[in-house]
Amino acid sequence: MSVTAPLHESTATTTPRAGRREWAALAVLGLPTFLVSMDFSVLYLAVPHLTAGLAPSGVQQLWIVDIYGFLIAGFLVTMGTLGDRIGRKRLLLAGGALFGIASVAAAFSTSPEMLIASRALLGVAGAAVMPSVLALVTGMFTDQRQRSRALAVYLTCFMGGMTLGPLVGGVLLEFFWWGSVFLVAVPGIVLLLAFGPFLLPDQRAPRSGRLDPLSVVLSLAAILPFVYGLKELATHGWARPPAVALVVGIAVAVVFVRRQRRLPHPLLDLSMFGDRTFSSALGLFFVTAMVGTGTLLLVTLYLQNVTGLTPLKAGLLLLVPNVLMIIGNLVTPSLANRVRPAYLIAGGLLVAGAGYTLFALADSTSGPETVFIAMCVVMLGTAPLAALCNHLAMGAVPPDKAGSGASIVQTTTEFGLGLGIATLGTLGTAVYRGGVEGALGTLPPHVAAAARESVDRAVGAAGRLPAGQSEDLLAAARDAFTSGVHVVGLVSAVFYAVLAVLAVWAFRHVRDASGGGDGIPEDEDTTADLPEIVRASGAEAAGMERC
């Protein structure tokens, strides 16, 4: 790619600014974003209620909770590419309609099987909605300063849904039956279907080719077994079936990649990974999702089993750090016009890493204050990355591949979320088991086995022991688990320090939140590594087919 004029001048003269219609459309797009993300967590408090109403088996209960995210992860790549081909607005509205219908079906389910099927439909619909929304936002806001603000609003809606899901569910369950947690989505979907056709632009790739059915089958056969194996191994430990599923998923993924390299119009354009900005943003997303999920699992267990908070109080306490992150997301675009994104992201990661080191100050006999402060620092420090990496990754994607690029970003995040429990969660558990082992010798074998499994089972087992043994087991289990929190916090801090260096290297040539660059990277003689965000900003209006 050659540069014939200063980049900030080029983008300023070729990118139209969004008007009231686009900002109104962004408000409409915020509805499905909030609702789809809320459905990840809205069932957390509703499971006991629906169990009493439908009496599902243990396996059915797990599928009710898990199948939604499972199918979203499996269909993201297919749906993102499908939106590029048939039109992102069309796919969004179809997905929204299906989401509304499936929500009603879930709310009035009369059997566990019906609820599982409804949740499966919700997952397929969510997979259609998520990349369509992100691609539409990227396409509507071609001015990079406006795009950075719009993507910050999008991320705020997504984070808001994840954060408020348990609280919304808890409030509804105080007054209504368990099905109300699904019906809450219906009014928002009605508004989307009422205003979306008039406010949203028609966007599709002008020469996208036909969808390859075999590639669709291969993508599902790769992602679904991989996600299933990952979730099962992370949740239940080593077992042959999920391990085999993981291997099968990887093997099919190799076949899928080879086929994509041969197709003139692949389902997944692998050339996008050759862009340094795009691939680096994916790497940052992946690791931060992994670290965030793994540490959050340990923090929630620490707050409940070590400090003694109830689940509701722990959830309310963790709401504050999430709100701080949302505020940071909204403030970041303005800061990025004064501080280079590379240094803003790297500085934030170092702040977040400092927050993780505060985990080492947590004590098994003190209250939750230390971990609460640490999580506030972590969330504030992570906000610049969360706000800007979406912007940089999507800007590096050619306009006709926006749906596919959005699906890759979100699929990468899904894999990171799954690996967080499998890696850092497993590390914390290993430290806990090593620390608690010395206190189990005098306990009955079945109690020792339960305490060795996890800290929450140790707390439950302690309640059935005589007073002296109970206190000794609780003290040992809480000390051991706190040691696990210390180790995971320090490992996470190291991860974030490495990510800070990567961020400086990957984004050092991006000048500000508008996506403008210096023309030549600081230590290179060519423009080969300039992010595609620059090219996309000047060509998007011409390259996008708007009906």
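Residues numbered from 1 in each chain as written. Predicted model: local features only at pLDDT ≥ 70, side-chain atom pairs only at ≥ 80, totals over all residues. Heavy atoms only, no water.

1. Some remarks on the overall build of the protein
Looking only at helices and strands, one finds 20 helices and two strands in the protein. Put simply, the protein has 547 residues, and 55% of those count as buried. Accessible area for the protein stands at about 21700 Å²; split by element, carbon and sulfur atoms hold 67% of it. (Helix = DSSP H or I, 4+ residues; strand = E, 2+ residues; numbered from the N terminus. Buried < 20%, exposed > 50% of the residue type's maximum accessible area, 1.4 Å probe, protein only. Areas by Shrake-Rupley, 256 points an atom, 1.4 Å probe, with all protein chains shown as cover.)

2. Overview of the layout of surface pockets
Approximately 380 Å³ is the volume found for the second largest pocket. Considering the residues around the second largest pocket, the lining is formed by 17 residues, among which Ile223, Ala253, Leu268, Thr411 and Phe415 are closest to the centre. Of all the secondary structure elements, the ones that give two or more residues to the lining of the second largest pocket are helix 10 (213-236), helix 11 (240-262) and helix 16 (402-436). With five residues, helix 11 is the single largest residue contributor to the lining of the second largest pocket. Here the lining of the second largest pocket is composed, by residue class, of 13 nonpolar, four polar and no charged. (1 Å grid on protein atoms, 1.4 Å probe; cavity = no way out; pocket = protein on both sides within 12 Å on 5 of 7 lines; lining within 4 Å. Points joined across faces, edges and corners; volume = space filled by probe spheres on them. Nonpolar A, V, L, I, M, F, W, Y, C, P; charged D, E, K, R; others polar.)

3. A short note on the packing of aromatic side chains
Aromatic ring pairs are defined here through the distance separating the ring centres and the angle between the ring planes. Throughout the structure, instances matching the rule amount to five aromatic pairs. A centroid spacing of 5.3 Å and a plane angle of 80° characterise the contact between tyrosine 356 and tyrosine 496, whose relative ring orientation is edge-to-face. Of this pair, tyrosine 356 sits in helix 14 (residues 341-357) while tyrosine 496 sits in helix 19 (residues 467-507); the two residues are 140 residues apart in sequence, bridging distant segments of the chain. Overall, tyrosine 356 belongs to the buried group, its relative accessible area being 2%. For the ring pair tyrosine 432 and phenylalanine 481, a centre distance of 6.3 Å and an interplane angle of 70° mean the geometry is edge-to-face. With tyrosine 432 in helix 16 and phenylalanine 481 in helix 19, this pair connects stretches of sequence that are 49 residues apart. For tyrosine 432, a relative accessible area of 1% translates into the label buried. (Phe/Tyr/Trp six-rings, centres within 6.5 Å; stacked < 30°, edge-to-face > 60°.)

4. Description of the environment of arginine 259
For arginine 259, the position within the fold is in helix 11. A sequence separation of 45 residues divides arginine 259 from leucine 214, and the C-alpha atoms of the two residues are 9.2 Å apart. Setting aside chain neighbours within four positions, we find arginine 259 in contact with Asp212, Leu214, Ser215 and Leu218. (Contact = heavy atoms within 4.5 Å.)

5. With respect to helix 17 (residues 445-453)
Helical periodicity: at 3.6 residues per turn, an α-helix aligns residues three or four positions apart in one direction. Turning to helix 17, its buried residues number three or more, namely Val447, Ala448, Ala450 and Ala451. Take helix 17 and look down its axis: the buried residues cluster within an arc of 165°, on one side only. For helix 17, exposure combined with an orientation more than 90 degrees from the buried face picks out Pro445 and His446. (Arc of directions from axis to C-beta.)

6. Here's the deal with the side chain of asparagine 329
Locating asparagine 329 in the fold gives a position in helix 13 (residues 311-335). For asparagine 329, the residues in contact, after removing those within four places along its chain, are Ala152, Leu155, Thr156, Met159, Ala383, Ala386 and Ala387.

7. Some points on the environment of valine 436
Here valine 436 is to be found in helix 16. Under the relative-accessibility criterion, valine 436 is labelled buried at 0%. Note: C-alpha distance between valine 436 and alanine 477 (41 residues apart in sequence) is 5.6 Å. In contact with valine 436, other than residues within four places in its own chain, are Ala451, Ala476, Ala477 and Ala480.

8. A few points about the nonpolar core
Counting 149 residues, the largest nonpolar core has Phe99, Phe182, Phe278, Ile345, Leu349 and Phe507 as the members making the most contacts within it. Of all the elements, helix 6 (residues 112-140) adds the most residues to this core, at 16 residues. When sequence neighbours within four positions are dropped, the list of residues in contact with isoleucine 345 reads Pro384, Leu385, Leu388, Cys389, Leu392, Ala503 and Phe507. (Core = buried A, V, L, I, M, F, W, Y, C linked by side-chain atoms within 4.5 Å.)

9. Some remarks on the packing of helix 5 (residues 88-107) against helix 9 (residues 186-199)
Two quantities define a packed helix pair, namely the angle between the axes and the distance from one axis to the other. Two elements in contact, helix 5 and helix 9, have axes whose closest approach is 9 Å; the angle formed by their N-to-C orientations is 155°. Between helix 5 and helix 9, the interaxial angle falls into the category roughly antiparallel. As for the relative orientation of helix 5 and helix 9, their crossing is left-handed in sense. Listed contacts from helix 9 to Lys89, Leu92, Leu93, Gly96, Ala97, Phe99, Gly100, Ser103 and Val104 of helix 5 are Val186, Ile189, Leu192, Leu193, Gly196 and Pro197. (Axes fitted to C-alpha atoms, helices over the stretch in contact; angles between N-to-C directions. Parallel < 35°, antiparallel > 145°, perpendicular 65-115°, else oblique. Left-handed = near helix turned anticlockwise from the far one by under 90°.)

10. Digging into the environment of glycine 95
In this fold, glycine 95 is placed in helix 5. Judged by its relative accessible area of 4%, glycine 95 falls in the buried class. Spatially, the C-alpha atoms of glycine 95 and alanine 127 are 8.0 Å apart, while their sequence positions differ by 32 residues. Leaving out residues up to four positions away in the same chain, glycine 95 has contacts with Ala125, Ala128 and Val129.

11. Description of the confidence of the model for the protein
Mean pLDDT over the protein stands at 77; residues scoring 70 or higher make up 85%. Averaged pLDDT values for the elements of the protein fall to 36 in strand 2 (residues 545-546) and rise to 91 in helix 14. Predicted confidence is poor over residues 1-13, with pLDDT under 50, and the contacts of this stretch with residues over four places away or in other chains come to 15 contacts. This model gives residues 519-547 a pLDDT under 50, and the stretch forms 78 contacts once residues within four places in sequence are excluded. (pLDDT = per-residue confidence, 0-100.)

12. Some details on the packing of helix 18 (residues 455-462) against helix 19
In the contact formed by helix 18 and helix 19, the axes pass within 9 Å of each other and the chain directions differ by 170°. When the interaxial angle is binned, helix 18 and helix 19 end up roughly antiparallel. Contacts between helix 18 and helix 19 involve Val455, Ala458, Val459 and Ala462 from the former and Ser470, Leu473, Leu474, Ala477 and Phe481 from the latter. Tallied by class, residues from the contact of helix 18 with helix 19 come to eight nonpolar, one polar and no charged.

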